[in-house]
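# Analysis of the macromolecular model
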Amino acid sequence: MENTGKKMLESAHEIIKKTAKSLGLSSEVITRLIEPDFIHEFNFSVGKKIYKGWRIQHNNTLGPYKGGIRFHPNVNRDEVQALATLMSVKCAVAGLPMGGGKGGVIVNPKELSEKELEELSRAYARAISLFIGPYVDVPAPDVNTNPKIMAWMAEEYEKNLKSQNSGLKSNEVLATFSGKPVEKGGSLGRTEATGRGGVYVLQALLAKLRSKINPPAGGQKSKPTVAVQGFGNVGYYFAKFSEDMGFKVVSLSDSKGAIYVTEGLSVETTLKCKKEKGSVAGCYCRGSVCDVRFGKPISNDALLELPVDVLVPAALENVINAQNMAKIKAKIIIEMANGPITEEAYEYLTEKGVIIVPDVLANSGGVTVSYLEWYQNIHNEKWTEAAVNKRLKEMIEKAFESIWKKSVAKRISLKQSAFEVAIERITKLSTA
Ligand code: NAD
């Protein structure tokens, strides 16, 4: 089977090397940016089963390592290392005092009972408890892990600390994991944060395009149209908030297919309909009514090729690639999934004038609110949802601003600019 982790790691290294060279950094500094600080690879037992897991701590120049824990049968060391590396970049882009880390376990959690999943999560937490902590490394949920799993892990970590007399206060112990349930020290607004942050970035981008370049297609008066691939956590909230903020959502999809409603669809009613039918296919909803005459079914591939103003891949990686890049008609692409556009397609579309907001900025709302959860725990505070959202907006707009500024000044893509900003911050070339 193809090792996609190896490819991910190679491409992360390639862009870091290219950017670092363009900044005139020495080969020693480049090596430090590439090589992780620590690779923890371990085996641990749950009953009679033995699992392999990792916690990779890439770089902590800016603060404690931060990054999710992934439970998946195809997890491998290269993949975890690539994701840890990209977390260092994402935290730096977002302006967080955090570094990059990632964890993983080779397991198919769908084959486990709830009890087995809990035992596995607790055993993994015991294994990593030696090298994590509120000021050292702060794990979070990722693929197939969730707030409930974070609560089990935080509890197990606390038990382990008690036996070691760590001296940490209970709020500091809580700060060791983010993405916890709200009643167990989690932050309000975290569930919605990635989609919400993406919409704040889109608004900031459109404000620049209106004032500095030209109005979005359709002129100032008509609402910009949006197509979103994926209707999970990220896709749903992106669609919902963009609709709330005056965009016209015309297409949505999930793994079973896509819908296209040219007049604009209702996101909330589509969600209700999806819950009843099990998929968005067949949910042509306007206002509170879902009627087949309003729209038509299209394939997930066709969604990507629609003539919309804004295309939002929010499901899988590599969906825009050499095969379909020439057919993409959107003028703006917001990368809400991680790595939805291959390097080749990225270059082709950028060359064609498509503005692409890279994943390390577009989906950084999630890690930003994870940081705010850590902050609230450390300072023993509990913010209202409005306060969290306000801070998220300020932080992500500030992150966008520095990346936009450099991109315009140096005439480079937003992705190149994001990596330059991140590398400058990590190597302390700049304090901006
Ligand atoms: P999710 O599991 O909640 O949702 C994924 C959605 O994608 C589902 O609606 C699923 O039906 C759909 N999907 C699966 N295969 C598809 C296909 N072939 N075509 C179209 N849709 C398909 O996941 P999520 O949390 O929304 O994450 C989506 C992406 O965003 C991932 O790349 C993830 O790494 C990234 N991301 C998520 C967060 C977060 O906070 N959740 C943060 C940063 C990045």
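Just above sits the structure.
Read on for a plain summary of the structure. (Residues numbered from 1 in each chain as written. Predicted model: local features only at pLDDT ≥ 70, side-chain atom pairs only at ≥ 80, totals over all residues. Heavy atoms only, no water.)

### A word on the pairing of strand β7 (residues 248–254)
Operational definition: The classification of residues rests on relative accessible area computed with a 1.4 Å probe and restricted to protein chains. Under 20% of the type maximum is buried, over 50% is exposed, and intermediate values are partly exposed. Helix numbers and strand numbers start at the N terminus; a helix is a DSSP run of H or I with at least 4 residues, a strand a run of E with at least 2. Note on pairing: DSSP must find at least two bridges between two strands before they are called paired.
Taking burial as the measure, the seven residues of β7 include six buried ones, the bulk of the element. Bridging between strand β6 (residues 225–229) and β7 involves five bridges; their strand directions are parallel. The partner of Ala227 across the bridge, within β7, is Ser251. Sheet topology places β7 next to strand β8 (residues 257–260); four bridges connect them, and they run antiparallel. Among the inter-strand pairings, Ser251 is bridged to a residue of β8, identified as Tyr260. Once β7 ends, the chain turns through two residues before running back antiparallel as β8.

### Focus: the environment of Lys18
Tracing the sequence through the fold places Lys18 in helix α1 (residues 4–22). Sequence-wise, Lys18 and Asn233 are 215 residues apart; in three dimensions their C-alpha atoms are separated by 33 Å.

### What about the site of the ligand?
Under the convention used in this document: When at least one non-hydrogen atom of a residue lies within 4 Å of a molecule or strand, that residue is treated as near it. Think of a polar contact as two N or O atoms within 3.5 Å of one another; within protein, one of them needs to be a possible hydrogen donor and the other a possible acceptor, and neighboring residues in sequence only count if both atoms come from side chains. Here the accessible surface of atoms and residues is derived via Shrake-Rupley with a 1.4 Å probe, and residues count as covered only by protein chains that are part of the display. In this classification, the charged set is Asp, Glu, Lys and Arg, the nonpolar set is Ala, Val, Leu, Ile, Met, Phe, Trp, Tyr, Cys and Pro, and all remaining amino acids, among them Gly, are polar.
Lining the immediate surroundings of the ligand are 19 residues, of which Thr194, Asn233, Val234, Ser255 and Asn300 lie closest. Val234 places a main-chain nitrogen or oxygen 2.9 Å from an oxygen atom of the ligand. Ser255 places a main-chain nitrogen or oxygen 3.0 Å from an oxygen atom of the ligand. Coverage of the ligand by the protein chains reaches 69% of its 830 Å² of free accessible surface. If you list the elements that add at least two residues to the shell around the ligand, you get α7 (190–213), α8 (233–244) and β7. Considering only residue class, the shell around the ligand consists of seven nonpolar, 10 polar and two charged.

### Quick look at the sheet that holds β8
Spelled out, the test is: As a rule, the C-alpha atoms of each element are fitted with a line to give its axis, helices using only the stretch in contact, and angles between N-to-C directions run from 0 to 180 degrees.
Within the open sheet, the seven strands sit side by side as β11-β8-β7-β6-β12-β13-β14. Their pairing is mixed. The open sheet has two edge strands, β11 (296–298) and β14 (355–357), and neither has a second partner. For this sheet the average axis-to-axis angle between neighbouring strands, irrespective of direction, equals 20°. Sheet analysis places β8 next to β11, joined by three bridges and oriented antiparallel. The residue bridging Tyr260 from the neighbouring strand is Lys296, located in β11.

### A short note on empty space enclosed by the protein
Vacant regions in the atomic arrangement are exposed by a probe of water-molecule size rolled over the atoms. Keep this limit in mind: The rule is simple: put a 1 Å grid over the protein atoms alone, call a set of points where a 1.4 Å probe fits but cannot get out a cavity, call an open set with protein on both sides within 12 Å along at least five of seven lines a pocket, and count a residue as lining if it has an atom within 4 Å of a point. Grid points are joined across faces, edges and corners, and a volume is the space filled by probe spheres set on the points.
Counted by the stated rule, this structure contains one cavity of 30 Å³ or more. Each pocket or cavity is described by its volume, and for the largest cavity that value is around 40 Å³. If you trace the largest cavity, you find it lined by Ile16, Leu33, His58, Thr85, Ser88, Val89, Ile423 and Ile426. Elements that contribute at least two residues to the lining of the largest cavity include exactly α3 (77–93) and α15 (414–426). Per element, the largest residue contribution to the lining of the largest cavity is three residues, and it comes from α3.

### Re the pairing of strand β1 (residues 38–46)
By the bridge criterion, nine bridges tie β1 to strand β2 (residues 49–59) in an arrangement that is antiparallel. Bridged to His40 within β2 is Arg55. Hairpin geometry of β1 and β2 is characterised by an intervening segment of two residues between the two adjacent antiparallel strands and by a positive phi of about 60° at Gly47.

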